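# Structure at a glance
The chain contents come next:
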Amino acid sequence: MRAPGLYLLALLIFLSAAAFADPPAPGVRQVNVKELYAKADILEQAGEYEKAREICRQILIYDSSYDVHIRLGWLNYNCGDLDAAGEHYAVAAEKCGECADPLLGLQLVAIGSENWEEALRAGDKALALDSKNYWAVSRKALAYYMLGRYASARAQYLKALDISPDEPEMLLGLGFTRILQGARAEGRGHCLKAGRKLENDPRVTECLRMAETALKLKSVSRIFATYMVYSDPWNLRDIRGLTATSALYRPSGYGMWAGAAVSETTRRYVVDDYQHDIITLGASGRKDKWEFGLNGAWLFSNEDTVDDSPLAIARIGRRWGKTDLTLITSGVFYRDFDVYQFELPMGYNPAKSLKLVLKPELIIVDEHDLLIPEEKSIDTEYLTSAQALIYWNPGGRVDIFVDAFFGRQRYAVESGGLAVWTGDDLFVAGYNFGAAIQLGRYFKPYAYAHNRVGAEQAYRDHDFSVWGGTLGFELKFHGG
């Protein structure tokens, strides 16, 4: 028979443990956490992610462990709440610094948000803990592909296939990548091999179609007419213009284009109307995250100071995930003076269908002599302005464009050199808005409205505006 002292000691230990145990939160009844986990498992396996998430939120009241945060990361991802998923995965990563799963979750969230650079960073962190992790490698391959870095994408697809041979998703990704690298036959073979397991998958059909057209040039042609009217005219009444462009390019992003524009402006005080014609040639390309372009143009006019003037434009840009930055420089070399223009568009894609751009601009107009309406010397001007642009594709086939600028612009170059304000009007504000709709596979008509507010003509104070519109269409074809 045990001594009574032993029973007394056991009772004291039990009472001490009860006294120092964390009490339940006020108003919260005790629950069986294991039963909640089991219920969440059943709901998750049944695809009831919303209900499973609610159960796990209840668990979080009693248990803030790694397990519940990693589970909530996954459930929020499947419920479409990427922000909450990222928060829980981040907490899980803090609680277990040697676990790769939270980092894989953060990589998955980055891909869901189309933040490809972040997907690469999360993948690298996961691979530092698990160098043969298939998911980290395969998602890095996708991120590199979406960034246009095809050589890096190919290396990751091959690494993923080394970890998991004949995985159809990786074969398909490798097929697309090799086609865009110019290895059409090899890429087609990978897609056919993937198609043996991915039966009736439209991506396989698209890959095979791309293999047939990858080495063919694609053309984009545009024709549009513009009419604009001066309000409160001093010397100029209206502008009528017709522009045509044609571009040839490969899916890899390299191409060339040519364009021509003719315009005529009615003048009040001069017998002859002002004619202004442009011919331009250009080339563009893309390498990994970089884009570049170069084009030259020649201006012809019945105005001696403008006639036979060359124009050059160069641009270079880089992309980081959802943001991009481009530097555009141009120069117009008139007979008596030069004009230089510097633009720095900064773009942001908060969603796949939406792009926002902020573009500061500097125009430098060399000193020159003004002969009309009276002779005088004009000092070098430094004109600054800022433009905000919104591109929106709300329904897949419809594009909407809105932009506005405020500042000072004179002798501005626009539309890649096809639109040049060769007059000395000083504009201080303006806006454009329009829409385009894809009709069928090849044809896209569009319409734009324009308005510009001016403060000077012939370097004299004179308030006025220019308003009007543009109608045109775009044609896309696959060449031979």
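Scroll up to find the structure.
We now turn to the structure provided with this report. Note that the structure is predicted; figures quoted are calculated from it, not measured. (Residues numbered from 1 in each chain as written. Predicted model: local features only at pLDDT ≥ 70, side-chain atom pairs only at ≥ 80, totals over all residues. Heavy atoms only, no water.)

Quick look at the nonpolar core now. Ranked by internal contacts, the top residues of the largest apolar core, which has 36 residues, are Tyr-145, Tyr-157, Met-170, Leu-172, Phe-176 and Cys-207. Among the elements of the structure, helix H6 (101–112), helix H7 (116–129), helix H8 (134–146), helix H9 (150–163), helix H10 (168–180), helix H11 (184–195) and helix H12 (202–213) are those that each provide at least two residues to this core. Not counting residues within four places of it along the chain, the set of residues in contact with Phe-176 comprises Tyr-145, Cys-191, Arg-203, Glu-206, Cys-207 and Met-210. In terms of nonpolar packing, the next biggest core, distinct from the first, is built from 31 residues, Tyr-274, Leu-299, Val-420 and Val-466 among them. (Core = buried A, V, L, I, M, F, W, Y, C linked by side-chain atoms within 4.5 Å. Buried < 20%, exposed > 50% of the residue type's maximum accessible area, 1.4 Å probe, protein only. Helix = DSSP H or I, 4+ residues; strand = E, 2+ residues; numbered from the N terminus. Contact = heavy atoms within 4.5 Å.)

The subject of this paragraph is the state of the cysteines. Under the definition given, this model contains two disulfides. Linked covalently through their sulfurs, Cys-96 and Cys-99 form a disulfide whose S-S length is 1.8 Å. Measuring the twist about the S-S bond at about 60°, one finds the Cys-96-Cys-99 disulfide to be right-handed. The disulfide bridge from Cys-191 ends at Cys-207, spanning 1.7 Å between sulfur atoms. Here Cys-191 and Cys-207 share a disulfide; its torsion about the S-S bond, 40°, makes the bridge right-handed. Highlighted residues: Cys-191 in helix H11 and Cys-207 in helix H12, separated in sequence by 16 residues. Residues Cys-191 and Cys-207 agree in their burial class; the two are buried. When the bonded cysteines of the protein chain are numbered from the N-terminus onward, they pair as 1-2, 3-4. Not engaged in a disulfide, the cysteine Cys-79 finds its nearest cysteine sulfur in Cys-56; these two sulfurs lie 10 Å apart. (Disulfide = S-S within 2.5 Å.)

You can see Lys-352 is positioned in the loop between strand E9 (346–351) and strand E10 (354–365). The sequence separation of Lys-352 and Glu-114 amounts to 238 residues, and the corresponding C-alpha distance is 8.1 Å.

Glancing now at the pattern of salt bridges. Close approach of charged atoms allows side chains with opposite charge to pair. Taken as a whole and judged by the stated rule, the model has 22 salt bridges. A salt bridge links Arg-71 to Asp-41; its shortest N-O distance comes to 2.8 Å. Note that Arg-71 is positioned in helix H4 (residues 66–78) and Asp-41 in helix H2 (residues 33–45), a separation of 30 residues in sequence. Residue Arg-71 is classed as buried on the basis of its relative accessible area of 19%. Taking the shortest distance from any N to any O, the salt bridge between Lys-359 and Glu-343 comes out at 2.9 Å. Separated by 16 residues along the polypeptide, Lys-359 in strand E10 and Glu-343 in strand E8 (residues 338–343) bring together distant segments of the chain. Residue class for Lys-359 comes out buried when judged on its relative accessible area of 14%. A relative accessible area of 9% means that Glu-343 is categorised as buried. One continuous salt-bridge network, built from bridges that share partners, spans Asp-41, Glu-44 and Arg-71. (Salt bridge = Lys/Arg side-chain N within 4 Å of Asp/Glu carboxyl O.)

Mapped onto the elements of the fold, Gly-187 is located in helix H11. Between the C-alpha atom of Gly-187 and that of Met-210, which follows or precedes it by 23 residues, the distance is 9.5 Å. Setting aside residues up to four positions removed in sequence, Gly-187 forms contacts with Gly-175, Arg-178, Ile-179 and Cys-207.

Here we come to the pairing of strand E7 (residues 323–333). Two faces belong to every sheet, and in a regular strand the side chains alternate between them. Here strand E6 (residues 309–320) pairs with E7 via 10 bridges, running antiparallel. Bridging across to E7, Arg-319 finds its partner in Asp-324. Where E6 folds back on E7, the antiparallel hairpin that results is connected by two residues, among which Gly-321 adopts a positive phi of roughly 60°. By the bridge criterion, three bridges tie E7 to E9 in an arrangement that is antiparallel. (Pairing = 2+ DSSP bridges.)

A cluster of nonpolar side chains, contributed by Tyr-254, Trp-290, Phe-292, Ile-316, Trp-320, Leu-325, Leu-327, Leu-344, Met-346 and Leu-358, occupies part of the molecular surface with about 860 Å² of accessible area. Of all elements in the fold, only strand E5 (290–301), E6 and E7 reach the threshold of two or more residues within the nonpolar patch. Ile-316 sits in the partly exposed class, given a relative accessible area of 45%. (Patch = residues over 30% accessible without salt bridge, like charges linked within 9 Å, V, L, I, M, F, W, Y side chains within 5 Å. Areas by Shrake-Rupley, 256 points an atom, 1.4 Å probe, with all protein chains shown as cover.)

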